[in-house]
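Examination of the molecular architecture
Letter by letter, the chains look like this.
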Amino acid sequence: MDELPYTVDIAGHAVPINTDYRTGIYFEQCLADETLDDDTKLNEVLLLYFGESIGPLLTDWETVTEAVNAVMWFYRCGADNALDDSESTGSGEEEPPFSYEYDSGYIYSAFVQAYHIDLTEKRLHWWQFRALFLALPEDVEFSKIIGYRTMEIPAKMSKEKKRFYQRMKKIHKLPDPPDRVRLEKDLEAILAKGGDISQLIK
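Residues numbered from 1 in each chain as written. Predicted model: local features only at pLDDT ≥ 70, side-chain atom pairs only at ≥ 80, totals over all residues. Heavy atoms only, no water.

1. What about the overall build of the protein chain?
Each helix and strand in the protein chain was counted, giving eight helices and two strands. Walking the protein chain from its N terminus toward its C terminus, one meets helices and strands in the order β-β-α-α-α-α-α-α-α-α. Relative to its 202 residues, the protein chain shows a buried fraction of 39%. Long-range contacts, defined here as pairs at least 24 residues apart, represent 67% of the contacts in the protein chain between residues at least 6 apart. As displayed, the protein chain offers around 11,800 Å² of accessible surface, 50% of which is attributable to carbon and sulfur atoms. (Helix = DSSP H or I, 4+ residues; strand = E, 2+ residues; numbered from the N terminus. Buried < 20%, exposed > 50% of the residue type's maximum accessible area, 1.4 Å probe, protein only. Contact = heavy atoms within 4.5 Å. Areas by Shrake-Rupley, 256 points an atom, 1.4 Å probe, with all protein chains shown as cover.)

2. Let's talk about the pattern of salt bridges
All told, the structure shown has three salt bridges when counted by the stated rule. Of the charged contacts, one joins R22 and D20 as a salt bridge, the two residues approaching to 2.9 Å between their closest N and O atoms. Looking at R22, the relative accessible area reads 19%, which means it is buried. The salt bridge partner of D103 is R149, with a shortest N-O separation of 2.8 Å. With D103 in the loop between α3 (61-75) and α4 (104-115) and R149 in helix α6 (residues 141-150), this residue pair connects regions lying 46 residues apart in the sequence. Relative accessible area serves as the criterion here: at 13%, R149 is assigned to the buried category. One continuous salt-bridge network, built from bridges that share partners, spans D20, R22 and R123. (Salt bridge = Lys/Arg side-chain N within 4 Å of Asp/Glu carboxyl O.)

3. Side note on the nonpolar core
If you look at the biggest cluster of nonpolar residues, it comprises 46 residues, and the most contacted ones within it are F27, Y49, F50, F111, W126, F129 and F133. Not counting chain neighbours up to four residues away, the residues in contact with F50 comprise V8, I10, V15, P16, I17, A67 and V71. (Core = buried A, V, L, I, M, F, W, Y, C linked by side-chain atoms within 4.5 Å.)

4. Here we look at the pairing of strand β2 (residues 13-16)
The pairing of strand β1 (residues 7-10) with β2 spans four bridges and is antiparallel. Across the sheet, residue D9 finds its bridge partner in β2, namely A14. Where β1 folds back on β2, the antiparallel hairpin that results is connected by two residues, among which A11 adopts a positive phi of roughly 55°. (Pairing = 2+ DSSP bridges.)

5. As for the confidence of the model for the protein chain
Averaged over every residue, the pLDDT of the protein chain is 86; the share at 70 or more is 86%. Across the protein chain, element-level confidence peaks in α4 with a mean pLDDT of 97 and bottoms out in helix α8 (residues 180-193) with 77. In the model, residues 82-92 has pLDDT below 50 throughout and makes 24 contacts with residues more than four positions away in sequence or in other chains. (pLDDT = per-residue confidence, 0-100.)

6. Some thoughts on the packing of helix α2 (residues 38-50) against α3
Packing of α2 against α3 brings their axes to within 11 Å, and their N-to-C directions diverge by 60°. On the basis of the axis angle, α2 is oblique to α3. For the pair α2 and α3, the crossing hand works out as left-handed. Contacts between α2 and α3 pair L42, V45, L46, Y49 and F50 from the former with W61, V64, A67, V68, V71, F74 and Y75 from the latter. Counted by class, the contact of α2 with α3 contains 12 nonpolar, no polar and no charged residues. (Axes fitted to C-alpha atoms, helices over the stretch in contact; angles between N-to-C directions. Parallel < 35°, antiparallel > 145°, perpendicular 65-115°, else oblique. Left-handed = near helix turned anticlockwise from the far one by under 90°. Nonpolar A, V, L, I, M, F, W, Y, C, P; charged D, E, K, R; others polar.)

As structure tokens, this is what we get:
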């Protein structure tokens, strides 16, 4: 019933946030990039969502944490699991294995088939994208692939069907399945250990 958010509250200011669905995907890729050190990841995350205008608000580690909490709230589509130094967080039930990057072609075609939306042209709000993504119908190829990856092959299944599903699992196996819960906990760990905020938003 509420309107989609385009700002978040940081240090008492309504700060515009980048709502495009691509930002959420870049966010995951940034956290998963093992070539980046912690300060660089934190810097990149805040730049992705707020741009350089956020810099003057980051006066201490408390406001940095507040800004990242706002990012995580937005990324979770309104789930109010604030990150802090004292408690760990979870993101609810684990999502089935998929990769926005590896499965990009299947996701693109699924949106075209199910919603007639061309993701290369449409600028969807992240919350809109996620709602549509999670509701993709079972008859699109991407949903079938998720089914192949997650299904357990029963012992009583016929040999022919077993061979088929084993082949599908092999064909569609992800090279490195993303763990979104771990990515969030990595960001939490970065905040918990602190850092040099003078290096943020250069």
